[in-house]
Amino acid sequence: MSGFFEKLCLAAGNGQVTRDEMMNRHTTFRVGGPASYFVSPDGDEALKKVLLLCREEQMPYYILGNGSNLLVSDKGYGGVMILMGEGFAQIREDVSGELAAGAGVLLSRIAREAQEHSLTGFEFAAGIPGTLGGAVVMNAGAYDGEMKNVLKTVRVMDKNGRILELSANELELGYRRSCIQEKEYIVLSAVITLKQGDKEAIQTKMAELAGKRRDKQPLEYPSAGSTFKRPAGYFAGKLIEDAGLRGYREGGAQVSEKHCGFVINSGGATAEDIRLLCRSVQKKVKETSGVDLETEVRMIGWDE
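Please read these numbers as outputs of a predicted model, since none were measured by experiment.

## Some words on the packing of helix α1 (residues 4-11) against helix α2 (residues 44-56)
The geometry of α1 relative to α2 is characterised by a closest axis approach of 8 Å and an angle of 155 degrees between their N-to-C directions. What the angle tells us is that α1 and α2 run roughly antiparallel. Residues F4, K7, L8 and A11 of α1 pack against A46, K49, V50 and L53 of α2.

What follows is the structure, given as structure tokens:
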């Protein structure tokens, strides 16, 4: 892999490129070892060059947003971590009722921008700790709202660097899924369509939802939000509580006593602590209820 780092620096344009970047700085669990290479391309063309370089050199890569749905192993990731950062952080009002934003824009920022323009319909996402790109991939949602209700179009790049513009209907959006990962697309930007509303009423609703989150969720601890997908006909947190796992620990990882659907880093947790805890929860819930829990969190860097 002679000269790969130098080639990566050239491909990234003016974007940041580092070696052995600790992923505990880039995930909301605040755990994870070093990524062999870490790059933040400065735009579409630089991203295309990085992708083509990775393919040419047979180097694995992972697309990173805010790291709010990611668990990286303690030994790290032996590939290129591609951050959709400043090069994809633009936001603007296209026409009345529509906001266009890059994949790297935080959902909380979009919600504030919508409120400033008296646009309603995005309040549900104000407290989700992720970026627009990740939210589109996972059809993120909360409090009876989800991305598929507001998405109009999405610009994506395929693994060959070709840019496509897709309608929301073409994304096959369902519960915490889309076709984006299976087709190996990378979200570049999206247009969301909202409705005109009252600025103060929008602010009041956002504050109300923020209060609910503070009351019900362990926001004071590092976590990846809701750790398990909701099984059909059940609530993950209730199944975990009924299995007697409230407060259950593996090292520094813990099932939250405030909300059993959250696995938290209660202090000094390793990525392996968190992974083992998730597996223990899945096993116990299966034994007690017969229900298979699936994690929302993506785990990378393990051999299996």
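Having seen it, we continue.
## A few points about the side chain of S73
Relative to the helices and strands, S73 is located in the loop between β4 (70-72) and β5 (77-83). By relative accessible area, S73 is classed as buried at 2%. Once residues within four sequence positions are removed from consideration, S73 is found in contact with G32, G33, A271, I300, G301 and W302.

## Some points on the sheet that holds strand β18 (residues 262-265)
Taken in spatial order, the 4 strands of this open sheet run β15-β18-β17-β16, and their pairing is antiparallel. The outermost strands of the open sheet, each flanked by one partner alone, are β15 (223-226) and β16 (249-250). Sheet topology places strand β17 (residues 253-255) next to β18; 3 bridges connect them, and they run antiparallel. Across the sheet, the residue bridging to A253 is N265, located in β18. Its contacts with the sheet put helix α7 (residues 271-289) on β16, β17 and β18, and the angle it makes with β17 is roughly 30 degrees.

## Remarks on the UniProt feature "active site" (unreviewed entry) in the protein chain
According to UniProt, the "active site" (unreviewed entry) feature falls on R176, S226 and E296. Maximum C-alpha separation among the annotated residues is 11.5 Å over a sequence range of 121 residues, consistent with a single clustered spot. With respect to the helices, strands and loops of the structure, R176 is situated in the loop between β12 (163-167) and β13 (186-193). Sequence-distant contacts of R176, that is, excluding residues within four places in its chain, are made with M138, N139, A140, G141, K229 and E296. A polar atom in the side chain of R176 sits 3.1 Å from the backbone oxygen of G141. Mapping S226 onto the fold places it in strand β15. With sequence-adjacent residues up to four places away left out, S226 is seen in contact with G261, F262 and E296.

## Considering unusual backbone geometry
Leave glycine aside and you will find that most residues have negative phi; peptide bonds, for their part, are mostly trans. For R30, which is not a glycine, the phi torsion comes out positive at approximately 60 degrees. On the secondary structure map, R30 appears in the loop between β1 (17-22) and β2 (34-39). Its relative accessible area of 47% is what places R30 among the partly exposed residues.

## Some remarks on the pattern of salt bridges
Counting across every chain of the model gives 16 salt bridges. In this structure, D158 engages R162 in a salt bridge whose closest nitrogen and oxygen atoms are separated by 3.3 Å.

## Quick look at the packing of aromatic side chains
For the structure on display, the rule yields 2 aromatic pairs. Judged by centre distance (4.8 Å) and plane angle (65 degrees), the rings of F4 and Y37 are edge-to-face. Within this pair, whereas F4 is found in helix α1, its partner Y37 is found in strand β2, the two being separated by 33 residues in sequence. Using a relative accessible area of 1% as the deciding quantity, one classes F4 as buried. One cation-aromatic arrangement involves R19 over F5; the distance from NZ or CZ to the ring centre is 3.9 Å.

## Some words on the domain arrangement of the protein chain
Once the domains are mapped, the protein chain shows domain 1 (1-82), domain 2 (89-214) and domain 3 (234-298). With centres defined by C-alpha atoms, the gap from domain 1 to domain 3 works out at 29 Å. The interface of domain 1 with domain 3 comprises 10 residues on the first partner and 11 residues on the second. With both chains or domains summed, domain 1 and domain 3 bury close to 890 Å², and 61% of this area falls on carbon and sulfur atoms. Area buried by domain 1 at its contact with domain 3 is led by F29, N69 and L71, which between them contribute 59% of it. Inspection of the region where domain 1 meets domain 3 yields 6 residue pairs in polar contact (both at pLDDT 80 or more).

## Remarks on the UniProt feature "domain: FAD-binding PCMH-type" (unreviewed entry) in the protein chain
Per the UniProt record, "domain: FAD-binding PCMH-type" (unreviewed entry) is found at residues 30-197. Helix makes up 18% of residues 30-197 and strand 33%, whereas the separation of the span's terminal C-alpha atoms amounts to 37 Å.

Rules and cut-offs
- Residues numbered from 1 in each chain as written.
- Predicted model: local features only at pLDDT ≥ 70, side-chain atom pairs only at ≥ 80, totals over all residues.
- Heavy atoms only, no water.
- Axes fitted to C-alpha atoms, helices over the stretch in contact; angles between N-to-C directions.
- Helix = DSSP H or I, 4+ residues; strand = E, 2+ residues; numbered from the N terminus.
- Parallel < 35°, antiparallel > 145°, perpendicular 65-115°, else oblique.
- Contact = heavy atoms within 4.5 Å.
- Buried < 20%, exposed > 50% of the residue type's maximum accessible area, 1.4 Å probe, protein only.
- Pairing = 2+ DSSP bridges.
- UniProt positions renumbered as here; feature names shortened; annotations may be inferred.
- Polar contact = N/O pair within 3.5 Å; in protein donor to acceptor, adjacent residues only side chain to side chain.
- Salt bridge = Lys/Arg side-chain N within 4 Å of Asp/Glu carboxyl O.
- Phe/Tyr/Trp six-rings, centres within 6.5 Å; stacked < 30°, edge-to-face > 60°.
- Lys NZ or Arg CZ within 6 Å of the ring centre and 35° of its normal.
- Domains from an automatic or database assignment.
- Buried area = accessible area lost by both parts, 1.4 Å probe.

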